[in-house]
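Report on the structure
Residues per chain, in single letters:
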Amino acid sequence: MMDIGELRNEYTQSGLQRAELKDDPLAQFSMWFEQARNAQLHEVNAMTLATCGADDMPQARTVLLKLFDDRGYVFFTNYQSAKAKELAANPRAALLFPWLGLERQVRISGQVEKISAKESFAYFTSRPRGSQLGAWISEQSQVISSRTVLKTLMNQIKEKFKAGEVPLPDAWGGYRVIPERYEFWQGRANRLHDRFQYTKDGTTWRIQRLAP
């Protein structure tokens, strides 16, 4: 067994007080997101997506946030992937943004819905052509015999669409996580971290400090 009990860091960059928080969690998230971008954190829009399907087994993976506004937080995937099947069985999810360079993390959870084909198409057309082609060939989460399969399929799809634009695949698009709960976490010394929870209360948000 590898003993890693001595791996620890003290969090000393800053604190978080109730008076500093925005009343609207989207505004608070937007501010922290911009601060993370300005700090040039790697993959600032990377988030852990946790789902739980019909088998009640939680699953988590890293995906990229691509859109967010007052309607929710959008990521894109194959609609036949493992995560899509889990969301079909249980359309709820949790997100985690680990901005460790700023000693921060944000948790968001809520209902999930597919976005419209129009919205998916708008984002799809902004992707690099290679990513567009990749969306056509990957039967995400399915077992394949080798990487050669992907290379062969990529060559075939390049040939198929060589003369024009790459259309949106029927099995590819976005999901929106509609927040019901947020938590903003700021690391502090001696593990006495600052944690604030936003929960939906009708049309407003209730803010509470949580024990670390």
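Residues numbered from 1 in each chain as written. Predicted model: local features only at pLDDT ≥ 70, side-chain atom pairs only at ≥ 80, totals over all residues. Heavy atoms only, no water.

1. Description of the nonpolar core
By size, the foremost hydrophobic cluster in this structure holds 32 residues, and its most contacted members are F29, F97 and W99. When contributions to this core are tallied by element, the ones reaching two or more residues are α1 (25-38), β1 (46-52), β4 (72-78), α2 (82-89), β5 (92-99), β6 (104-114), β7 (172-186) and β8 (194-201). In terms of residues, this core owes the most to one element, α1, which gives five residues. Residues in contact with F29, not counting those within four places in the same chain, are L65, F68, Y73, F97, W99, V106, I108, Y182 and F184. In this structure, V74, F76, I115 and Y123 belong to the second largest nonpolar core, which totals 12 residues. (Core = buried A, V, L, I, M, F, W, Y, C linked by side-chain atoms within 4.5 Å. Buried < 20%, exposed > 50% of the residue type's maximum accessible area, 1.4 Å probe, protein only. Helix = DSSP H or I, 4+ residues; strand = E, 2+ residues; numbered from the N terminus. Contact = heavy atoms within 4.5 Å.)

2. Quick look at the UniProt feature "binding site: substrate" (unreviewed entry) in the chain
Per the UniProt entry, the sites bearing "binding site: substrate" (unreviewed entry) are K66, Y123, R127, S131, R191, L192 and H193 in this numbering. With the annotated positions falling across 128 residues, the maximum pairwise C-alpha distance of 43.2 Å shows that they are not confined to a single cluster. As for the largest pocket, its lining draws on R127 and S131 from among the annotated residues. Along the chain, K66 falls in the loop between β2 (58-64) and β3 (67-69). Take K66: its relative accessible area is 35%, and that puts it in the partly exposed class. The residues contacting K66, other than those within four sequence positions of it, are N45, V74, F76 and Y123. Structurally, R191 is set in the loop between β7 and β8. Residue contacts for R191: discarding those within four places in its chain leaves R8, N9, E10, Y11 and P212. Among the polar contacts listed, one links the side chain of R191 to the backbone oxygen of N9, at a separation of 2.8 Å. (UniProt positions renumbered as here; feature names shortened; annotations may be inferred. 1 Å grid on protein atoms, 1.4 Å probe; cavity = no way out; pocket = protein on both sides within 12 Å on 5 of 7 lines; lining within 4 Å. Polar contact = N/O pair within 3.5 Å; in protein donor to acceptor, adjacent residues only side chain to side chain.)

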